[in-house]
Amino acid sequence: MTEVTIYTDGACKGNPGPGGWGALLRAGGTEKELCGGESLTTNNRMELRAVIEALAALKRPCHVHVYLDSEYVRKGITEWLPGWKAKGWKTASKQPVKNADLWRQLDELVHTRGHRIEWHWVRGHTGDPGNERADALANRGVPR
């Protein structure tokens, strides 16, 4: 399996407001930068979109290390998702899961593409080079 390192981040100017997402993918000696955005969105949606777009860019099953500064995404995919699905996409308080459309997309990418994924949380804006590049890409993706 090809080993891939991915750094992702989301940005929002206002919450909600214009937002962007960014991802840096590294495999072997190559790097790929991805970014995009939406005119009216939230920071959490952009954090999710960054991971979705990065995983969707992989053409075959890989051993993936995902580095992200969003506990919302990391805990959502590693802890909360099974309960949401079992409860019909409702939270423990019986409310609809926010961003369920994106969570469904991420769930499919994670569980049907044959990847082996390890999730790593990094503190944002503390000088981690991969996280800083993903942050810059996310800001580049914000519509002006």
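Calculation criteria
- Residues numbered from 1 in each chain as written.
- Predicted model: local features only at pLDDT ≥ 70, side-chain atom pairs only at ≥ 80, totals over all residues.
- Heavy atoms only, no water.
- Pairing = 2+ DSSP bridges.
- Helix = DSSP H or I, 4+ residues; strand = E, 2+ residues; numbered from the N terminus.
- Axes fitted to C-alpha atoms, helices over the stretch in contact; angles between N-to-C directions.
- Contact = heavy atoms within 4.5 Å.
- Salt bridge = Lys/Arg side-chain N within 4 Å of Asp/Glu carboxyl O.
- Buried < 20%, exposed > 50% of the residue type's maximum accessible area, 1.4 Å probe, protein only.
- Core = buried A, V, L, I, M, F, W, Y, C linked by side-chain atoms within 4.5 Å.

## Focus: the sheet that holds strand 1 (residues 2–12)
Sheets are built from strands paired through backbone hydrogen bonds, the pairs being either parallel or antiparallel. Within the open sheet, the 5 strands sit side by side as 3-2-1-4-5. Their pairing is mixed. The sheet is open, and its two borders are formed by strand 3 (30–41) and strand 5 (116–121), each paired with just one other strand. On average, each strand axis in the sheet is tilted by 20° relative to the strand beside it, whichever way the strands run. When strand 4 (residues 62–68) meets strand 5, the two strands line up parallel, connected through 6 bridges. In the sheet register, His 65 faces strand 5, and the bridge partner there is Glu 118. This element, helix 1 (residues 43–56), spans strand 1, strand 2 (17–27), strand 3, strand 4 and strand 5 of the sheet and lies at about 155° to strand 1. On the sheet, helix 2 (residues 71–86) packs against strand 4 and strand 5 and is oriented at approximately 140° with respect to strand 5.

## A look at the pattern of salt bridges
The tally for this structure, following the rule as stated, stands at 8 salt bridges. Two residues, Glu 31 and Arg 26, come together in a salt bridge whose shortest N-O distance is 2.8 Å. Residue classification places Arg 26 among the partly exposed residues on the basis of a relative accessible area of 28%. According to the relative accessible area criterion, Glu 31 is partly exposed, its value standing at 45%. The network of salt bridges with shared partners includes Arg 26, Glu 31, Glu 33, Arg 133 and Arg 140.

## Considerations on unusual backbone geometry
Along the chain, Asn 15 connects to Pro 16 via a cis peptide bond; the corresponding omega equals 15°. One non-glycine residue, Trp 89, lies in the positive phi region at around 60°. Judged by its relative accessible area of 15%, Trp 89 falls in the buried class. Phi is positive for Lys 94, which is not a glycine, with a value near 65°. The residue Lys 94 is located in the loop between helix 2 and helix 3 (100–112) in this model. Taking relative accessible area as the criterion, Lys 94 reaches 66% and is therefore assigned exposed.

## Quick look at the nonpolar core
Ranked by size, the top nonpolar core spans 34 residues in total, and within it Leu 55, Trp 103 and Leu 106 carry the most contacts. Mapped onto this core, the elements with two or more residues apiece are strand 1, strand 2, helix 1, strand 4, helix 2, helix 3 and strand 5. Among the elements that make up this core, the one with the highest residue count is helix 1 (7 residues). The residues touching Leu 55, leaving out its near neighbours within four places in the chain, are Ile 6, Val 64, Leu 106, Leu 109, Val 110, Arg 113, His 115 and Ile 117.

None of this, on its own, says anything about what the molecule does.
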